[in-house]
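Breakdown of the fold
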Amino acid sequence: MTYKTVAFCVVDSDYIDPAIIALTSFFKFNSIKVVCYVEDGTNYQRLQQATAGHPIEFRNVEFPQFGIHETLGDKYLELFVSRKSLPAFAMRIKALQELSEEADIIVNFDLDVLFFNTIQFLLEKCRPNRVYGVSERKNRDRWMSNLQLNDIITNQIYINTGLVVYGAETIAPDLLEQYESFLHEFSKHIYCPEQDFVNHHFGDVIQEIPAHFNLMFTDERYTQLAPVMVHFLGADKPWTDHSYNDFYTKYYFKRYLLECKRNKQYISNIFYQKVTEKVDNL
């Protein structure tokens, strides 16, 4: 059976440059339609120009704002995500709810990523009654222990939401409301609201996929795998000062710079300079 498939991403006003790199690298290897949810008021003309000619649809939207967003983000949460990210996380949940009425298989990916190959081989195995992602259970256990938090998610598989494939049959029509309820109930026990919700809510239907579909430097196997997608997880991104500074991260940062050079006419000079300087200083 052939399933209707769509991908999506969420872009806020601060992430135009990473979005250009993530999406242009995605389209080098994939011809799947991408729905790009852009925060209302964002000037995304450069992103439109960079992806012109590819199967992409832009939806200008107002990100959901919950009252709990004013209080969520204590010292634990702020170690991993900024308070400003919370409406974008909620928008991902809302987008899932919306797209479940338009497609059978829904792919979501972060924008701090770089694609190296196609995801078609993964999609051929995906079904509408499952959710698929790369597990980082060891990372989760370590972080929760370091932060001295009680783990509310005890599933054997804890997936990272840098790249997730959702079957439409798993998505409830009131998913956004369930997400808000989750935030209220477990706000003191989460470190990444949207990712923790996905693992908590979809735990029974999650299926683990090979690590190379969402390769993270926190994975002990990352030096041994040929990635489909590299996820610059945490503080070490190609445009930040922090770096793990080993052979493999240097290689992936250099590849990121090559994609920046390919899109130099679209990305900002400041962003290009940050990536260039980081690679030069490795």
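Here the structure is shown first, and the text comes after it.
A brief look at the structure comes next. Model, not experiment: these values are computed from the prediction.

Turning our eyes to something else, we now look at the packing of helix H3 (residues 86-99) against helix H6 (residues 175-186). Where H3 meets H6, the closest approach of the two axes is 8 Å, and the angle between their N-to-C directions is 150°. Of the possible angle classes, the one that applies to H3 and H6 is roughly antiparallel. On H6, the residues touching Phe89, Ala90, Ile93, Lys94, Leu96 and Gln97 of H3 are Leu175, Leu176, Glu177 and Tyr179. Among the residues making up the contact of H3 with H6, the classes are represented as seven nonpolar, one polar and two charged.

We now examine the sheet that holds strand E7 (residues 159-167). Reading across from one edge, E3-E2-E1-E4-E7-E6-E8 is the order of the seven strands in this open sheet, with mixed pairing throughout. For this open sheet the edge positions go to strand E3 (56-61) and strand E8 (206-208), each flanked by a neighbour on one side alone. Averaged over all neighbouring strand pairs, the angle between strand axes comes to 25°, with direction disregarded. Examined bridge by bridge, strand E2 (residues 34-39) and E3 share six bridges and lie parallel to one another.

For the rest of this paragraph, the subject is the packing of aromatic side chains. Under the counting rule described, the total for this entry stands at 19 aromatic pairs. Between Phe26 and Phe109 the ring centres are 5.0 Å apart and the planes differ by 25°, which places this aromatic pair in the stacked class. Linking Phe26 in helix H1 (residues 16-29) with Phe109 in strand E4 (residues 105-109), this pair joins segments that are 83 residues apart in sequence. Owing to a relative accessible area of 0%, Phe26 belongs among the buried residues under this scheme. Each ring, one from Phe66 and one from Tyr179, has its centre 6.3 Å from the other, and the planes form 55°; the classification is tilted. Taken together, the residues span a long stretch of sequence, with Phe66 in the loop between E3 and H3 and Tyr179 in helix H6 at a distance of 113 residues.

In total, this model carries 15 salt bridges according to the counting rule given. In this structure, the salt-bridge partner of Arg92 is Asp110, at a minimum N-O distance of 2.7 Å. Remark: Asp110 occurs in the loop between E4 and strand E5 (113-115) and Arg92 occurs in helix H3; sequence separation between them is 18 residues. For Asp110, a relative accessible area of 13% gives the class buried.

Among the nine residues that make up E7, nine are buried, leaving the element largely enclosed by the rest of the structure. As judged from the five bridges shared by strand E6 (residues 131-135) and E7, these two strands associate in the antiparallel manner. Paired with Ser135 across the two strands is Ile159, which belongs to E7.

What follows deals with the layout of surface pockets. A water-sized probe rolled over the atoms picks out the places where empty space is left. A volume near 240 Å³ is recorded for the second largest pocket. In terms of lining, the second largest pocket is formed by 13 residues, of which the most central are Ser135, Glu136, Lys138, Asp219 and Arg221. Elements supplying a minimum of two residues to the lining of the second largest pocket: E6 and helix H5 (137-146). Along the lines of polarity and charge, the residues of the lining of the second largest pocket split into two nonpolar, three polar and eight charged.

Glancing now at the side chain of Asp12. Locating Asp12 in the fold gives a position in the loop between strand E1 (5-11) and H1. Judged by relative accessible area, Asp12 falls into the buried class, the value being 13%. Apart from residues lying up to four places away in sequence, Asp12 is in contact with Glu39, Thr42, Phe63, Lys84 and Ala88.

Rules used throughout
Residues numbered from 1 in each chain as written. Predicted model: local features only at pLDDT ≥ 70, side-chain atom pairs only at ≥ 80, totals over all residues. Heavy atoms only, no water. Axes fitted to C-alpha atoms, helices over the stretch in contact; angles between N-to-C directions. Helix = DSSP H or I, 4+ residues; strand = E, 2+ residues; numbered from the N terminus. Parallel < 35°, antiparallel > 145°, perpendicular 65-115°, else oblique. Contact = heavy atoms within 4.5 Å. Nonpolar A, V, L, I, M, F, W, Y, C, P; charged D, E, K, R; others polar. Pairing = 2+ DSSP bridges. Phe/Tyr/Trp six-rings, centres within 6.5 Å; stacked < 30°, edge-to-face > 60°. Buried < 20%, exposed > 50% of the residue type's maximum accessible area, 1.4 Å probe, protein only. Salt bridge = Lys/Arg side-chain N within 4 Å of Asp/Glu carboxyl O. 1 Å grid on protein atoms, 1.4 Å probe; cavity = no way out; pocket = protein on both sides within 12 Å on 5 of 7 lines; lining within 4 Å. Points joined across faces, edges and corners; volume = space filled by probe spheres on them.

So, to be careful, I would describe these as geometric facts and stop short of saying anything about function.
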